[in-house]
Every structure is written in structure tokens, then in C-alpha cells.
Amino acid sequence: MDHHQHSIVSDEVSVNGFKTSLTLTTDGILRWSDRGPHLRQLSVEKEVVGFSTSGRLITVRALVGQRSLVRKRFVFEPVSDDSLRNLCDKIQGYIHSLGRPKKLFIFVNPFGGKKSASKLFTNEVKPILEDANIEFTVQETKYQLHAKEVARSLDLSKYDGIICVSGDGILVEVVNGLLEREDWAAALKTPLGVIPAGTGNGMIKSLLDSAGEPCTPAHAVLAAIRGHKRSLDVATIWQGETVFFSVLMLAWGLISDIDIESEKYRWMGSARIEFYALKRILQLRKYNGSIRFVPAPGFENVGEEIGSCVDSMEPLKPRPHGYQGPKVDFKSFNWRQLNGPFVSVWLHNVPWGAEHTMAAPDAKFEDGYLDLIVMRQCPKLALISLMSKLNNGGHVKSPYVVYIKVKAVILEPGPRAGKSTKEGIIDSDGEVLARGKGTYKSNLKSLMVYDKLQVVVDQGLATLFTPPV
Ligand SMILES: Nc1ncnc2c1ncn2[C@@H]1O[C@H](COP(=O)(O)OP(=O)(O)OP(=O)(O)O)[C@@H](O)[C@H]1O
């Protein structure tokens, strides 16, 4: 390729005393030679985080590498002040044209995951933001729902995005807070990002994995800095007056029992999940109940047809302010039904439920559907083998698993088969929505009761920072 023909700027500089020309091409490649003289290059869009000048030196700051990103600095000394100005203007102009965020609001949850979010922010996130000349305001979350409160009233005109240095929990709070605002529609256009620092990092894992990138804090920061965006479906879950907005998942049965009850074994560390999963499979529970659903096109043959379900659909009560739920005409839907007993019922909005759990390999961020994964009958040995496939999504191919896409669900959870005094747990995005009778910590108050609840997904309501795919 003739570099000059495609160059935005090309000027003489010295690099460690070695004279070379520094060229920025129209396709965003910064090129020069070093002492070798080897041709060196950086993709401004992919690798360059920012640059600064001091005297006549230009320092270009980059994150380079594939599986692990390393902060690097490249120092160039232009031969004249004119050349310095020219190079700076052109590089700055190119970076500016990329539409990257300039100001970010950052939540840090000091108590998330391994309680290392504050350290992670200081050591790994802040230096990159400074390299990128991004201004930021940091808010440590002081209590549960603090992030939701802040998101509800934050002056969003001051920021180009909100970043959560946390697990999925804070992101979910932020989405719920934004949806309660008068200006919810505009507020939901604010791009949201997560830097993985919690126990559950399903959203950022899903985003990075869909771009073939590993789930590391540096990759997550780079995704936010580069400023690419994508829309995200949001599910409204309601029961009577109570509403919860979910962006990740809802679980009932085996998976929520493992997630929630394994807390008893926290002292075991990360082994608690495997240990408790095995215990739950060996003493397998099944739950009575039913799931009525509106299938996505292509899944109309699953379950029994029940026609319109509009009579049993409780409309979402008007809310004092904010988003009023998805606008859908339930009359026009053809509902279908699956009856229990169920081993496990799972609804998923994105592929990864946690960093090592690819619950719904076909889930899409913005297709307007949720993936429904249902298991009814399954021999224990097959179930153990299924659980071992959760890290690559292989479980959905099993003949014991129903895997479809749905627009809406009415979940009627019942008691355990053969043990009518015991009910189950329903959780969504790390929040226990309902604890039935006789469940672990059933005396704790939860958002909803263990009874009928309704879920409808709205397409592309929220906005996320994403690596380009
Ligand atoms: N200062 C605080 N004290 C107690 N709880 C808090 C505080 N700040 C945030 N939280 C709560 O911590 C929960 C977990 O948040 P986060 O998203 O960081 O992690 P997670 O991976 O979802 O969960 P985990 O706590 O298992 O790591 C959220 O529900 C949030 O409300």
C-alpha cells in the first residue's frame, strides 16, 4: 500500500534519538520505524487510549496485546513546533471523530465479590482513564440500593456514560433507577459499562465473549473507553403492584436453589457451588406449577396451545412516574403452556449468567426475546453431565432440555412434588424475588411472594458500552 496516498498526516519525528516519519493513515493506523528499523504501528481505534504533550514530546498511550492487555507509552519528538502542532491536531481530530466518552460517572462497590473493587479501581481502572484523558466522578456505594437512588436523580447531562466497578448487582440497580426517572427514555440511552469486580459478572462476560475477548478488567475498561454501544433488552417482571426490571436472568428450581441455598456453605469458598449442586442433584427436587409463554417465531410448536391468555394476564398497574412497562397487545398473542413438575426453569437475556456459566448460548442482547431453558425429567447421571456442560452451553442440546425463545411468560410456581409443605425460590439478577414456604431463610422479606408472576421483555431499552463485534 502507498502509505502517503492514504495519510492524514506524516511528519519527521525522532524516537529515542532515531529519525523516522510518524504517519497517521486514513484508516486510523499510526506508523513509524524504530531503530531496527522495524516498522511499528498502532491502531488508534483499537489500541490508542490517548495522548499528551510535554514540551516538544508527544506521548501516545496505548493498551496492547490480545489475551492480556499491557499499558504502553510511545514517545515521539517532532522536529519543529509546527510539526508538533500539526501531528497533535490530526491525532486529536482522529480520536475525536471516534465519539469516545469524555466524562464518566463511576460506581465502585467496595463490598462486591472479593471486596477488591476499590483496589481494582485504583490500580487498574483509574490509570487507564487518566491515560485516556477521561474525566470521572467516583461514587462508592454505601448501602444496598444506593446506586439505584443515585441513578434515579443523577444529572445525566454531565456524563457520557456510567460505569459500575462491581458485579452485575450494581448494573441492575442502575437500570432500575434509570427506569424510575421522568426522563427514563432519554436516560436509558446513557451507555452503561461494567468492570468485573463481583461474584456475578455475567453481563460483561457476555459482552466481551461475544467479541472474542477475555473477561478482564482491562478489556472491560477499553470497551468503555472506545465508546461503541449496543442496545439491551430489559424484562419487566411484575406481581400486583411490585415491579422489578431484569437484564440478565430469572431462575426457579434447581439453579436458584443452588445459587441461594449454597450461601450456607460460604465458608467453603468457590467450591460451595459445585458441592451444593451435587448435593441438590443427588437429592433432586421437582416443583409443580406451570409456565405459560408467548413463543418467538420458530418455536410455536413447543408445549400445548392455550390460545389467548389475556384473562389471566394482570395488567401492570400505572406507576407514579417513569417507564410504564412494555407496550404489547396481549390479545394478539398465541400463548402456549408447559406443565410441571419441573427440575429447573431459567429465563435468560444474555448468554452468560456468570463468568463460567454459559446458560443460554443463543441469547442475543437486543432481539426482543428471552431464552427459556426448561428441564423436567432428567436422570441424575445425565443431570450431572449437563451441569458440567454449563461452561460451554452444551446443556441446551440435551434431549432433557427445552430451549426456546419467548416474548412473555406467566410463571405459576407450585410446591415441591411430593412435599406440599415446601415451596421454592425465585431469583432474578442476583435478587431473591420470592422465597416460598419452608425455604432457606424464608422468614426474610423479599420483593414478591411465591405466586404467579409475569414477565414481558422490551426490545433494546437500555444501552451498553460494548467492544465492537
Ligand atoms: N456499601 C455496601 N454495603 C452493603 N451492600 C452493598 C454496598 N454497596 C453495594 N451493596 C450491594 O451489594 C450487592 C452486590 O453488588 P455487586 O454488583 O458488586 O456484586 P454481585 O456480584 O452482584 O454480588 P456479590 O455481593 O455476590 O459479589 C448489590 O445488591 C448492592 O446493593
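Definitions and limits used
- Residues numbered from 1 in each chain as written.
- Predicted model: local features only at pLDDT ≥ 70, side-chain atom pairs only at ≥ 80, totals over all residues.
- Helix = DSSP H or I, 4+ residues; strand = E, 2+ residues; numbered from the N terminus.
- Rg over C-alpha atoms; globule rule 2.2 N^0.38 Å.
- Buried ≥ 20, exposed ≤ 12 C-beta atoms within 10 Å, placed from the backbone.
- Contact = placed C-beta atoms within 7 Å.
- Expected span 1.5 Å × (residues − 1).
- Bend = angle between axes of the 7 residues up to and from the residue.
- UniProt positions renumbered as here; feature names shortened; annotations may be inferred.
- Pairing = 2+ DSSP bridges.
- Near = placed C-beta within 6 Å.
- Nonpolar A, V, L, I, M, F, W, Y, C, P; charged D, E, K, R; others polar.
- Axes fitted to C-alpha atoms, helices over the stretch in contact; angles between N-to-C directions.
- Left-handed = near helix turned anticlockwise from the far one by under 90°.

**Q** Please provide a residue-by-residue account of the overall build of the protein chain, values included.
**A** Across its full length, the protein chain holds 10 helices and 25 strands. Taking 23 Å as the expected radius of gyration for a compact globule of 469 residues, we find that the protein chain reaches 25 Å, a close match to that expectation. Overall size of the protein chain, expressed as C-alpha extent along the three principal axes, is 85 × 45 × 45 Å. Classification of the 469 residues of the protein chain by burial places 45% in the buried group. Long-range contacts, defined as pairs at least 24 residues apart, comprise 69% of the intrachain contacts of the protein chain with a sequence gap of at least 6.

**Q** So what's going on with helix α2 (residues 117-131)? Which residues, and what values?
**A** When the terminal C-alpha atoms of α2 are compared, their 20 Å separation across 15 residues agrees well with the 21 Å that a helix rising 1.5 Å per residue should span. Along its length, α2 reaches its greatest deviation from straightness, about 40°, at Val125, and the proline Pro127 lies no more than four positions downstream. Every buried residue of α2 is listed here: Ala117, Leu120, Phe121, Val125, Ile128, Leu129 and Asp131. One or two positions beyond α2, positive phi appears at Asn133, with a value near 55°.

**Q** Got a sec to walk through the UniProt feature "domain: DAGKc" (unreviewed entry) in the protein chain? Specific residues and values, please.
**A** Feature annotation in UniProt assigns "domain: DAGKc" (unreviewed entry) to the following positions: residues 99-241. Secondary structure across residues 99-241 divides into 40% helix and 23% strand, with the first and last C-alpha atoms of the span separated by 41 Å.

**Q** Can you lay out helix α8 (residues 254-261) for me, pointing to particular residues and giving the numbers?
**A** Structural remark: α-helix, 3.6 residues per turn; residues separated by three or four positions point the same way. Here α8 lies mainly inside the structure; seven of its eight residues are buried. Leu254, Ile255, Ser256, Asp257, Ile258, Asp259 and Ile260 are the residues of α8 that are buried. Tucked into the core, α8 has its buried residues touching β14 (249-253), α9 (271-282), β18 (344-348), β23 (425-428) and β24 (431-435).

**Q** Could you give an account of the pairing of strand β12 (residues 229-239), naming the residues involved and the relevant values?
**A** For β12, the buried fraction is high: eight of the 11 residues fall into the buried class. Note: β12 against strand β25 (residues 453-465), nine bridges, orientation antiparallel. Residue pairing across strands places Trp238 opposite Gln454, the latter belonging to β25. Bridge count between β12 and strand β13 (residues 242-246): five bridges; the pairing is antiparallel. Directly across from Thr236, in β13, lies its bridge partner Phe245. In sequence, β12 turns back onto β13 through a hairpin of two residues, with Gly240 there showing a positive phi of about 60°.

**Q** Would you mind going over the site of the ligand in detail, with residue names and values included?
**A** Of all residues adjacent to the ligand, which total 20 residues, the nearest are Gly112, Ser166, Gly167, Gly169 and Gly198. A total of four residues in the shell around the ligand trace back to one element, the largest contributor, which is helix α4 (residues 168-178). Grouping the constituent residues of the shell around the ligand by class yields four nonpolar, 13 polar and three charged.

**Q** Account for the packing of α2 against helix α7 (residues 217-226), naming residues and giving values.
**A** Packing of α2 against α7 brings their axes to within 10 Å, and their N-to-C directions diverge by 35°. With respect to the hand of their crossing, α2 and α7 are arranged in right-handed fashion. From α2, Leu120, Glu124, Val125 and Ile128 reach across to α7, where they touch Pro217, Ala218, Val221 and Ile225. Split into classes, the residues belonging to the contact of α2 with α7 amount to seven nonpolar, no polar and one charged.

**Q** Would you mind going over unusual backbone geometry in detail, with residue names and values included?
**A** Excluding glycine, a negative phi dihedral is what most residues carry, and trans is how most peptide bonds are arranged. Omega for the peptide link from Gly340 to Pro341 comes to 0°, which places this bond in the cis form. Within the fold, Pro341 resides in the loop between β17 (335-339) and β18. Phi at Leu145 is positive, roughly 70°, even though this residue is not glycine. Its location among the elements puts Leu145 in the loop between β9 (135-140) and α3 (146-153). Given 12 C-beta atoms within a 10 Å radius, Leu145 is considered exposed. The phi dihedral of Lys441 falls on the positive side, at around 55°, and the residue is not glycine. Its place among the elements puts Lys441 in the loop between β24 and β25.

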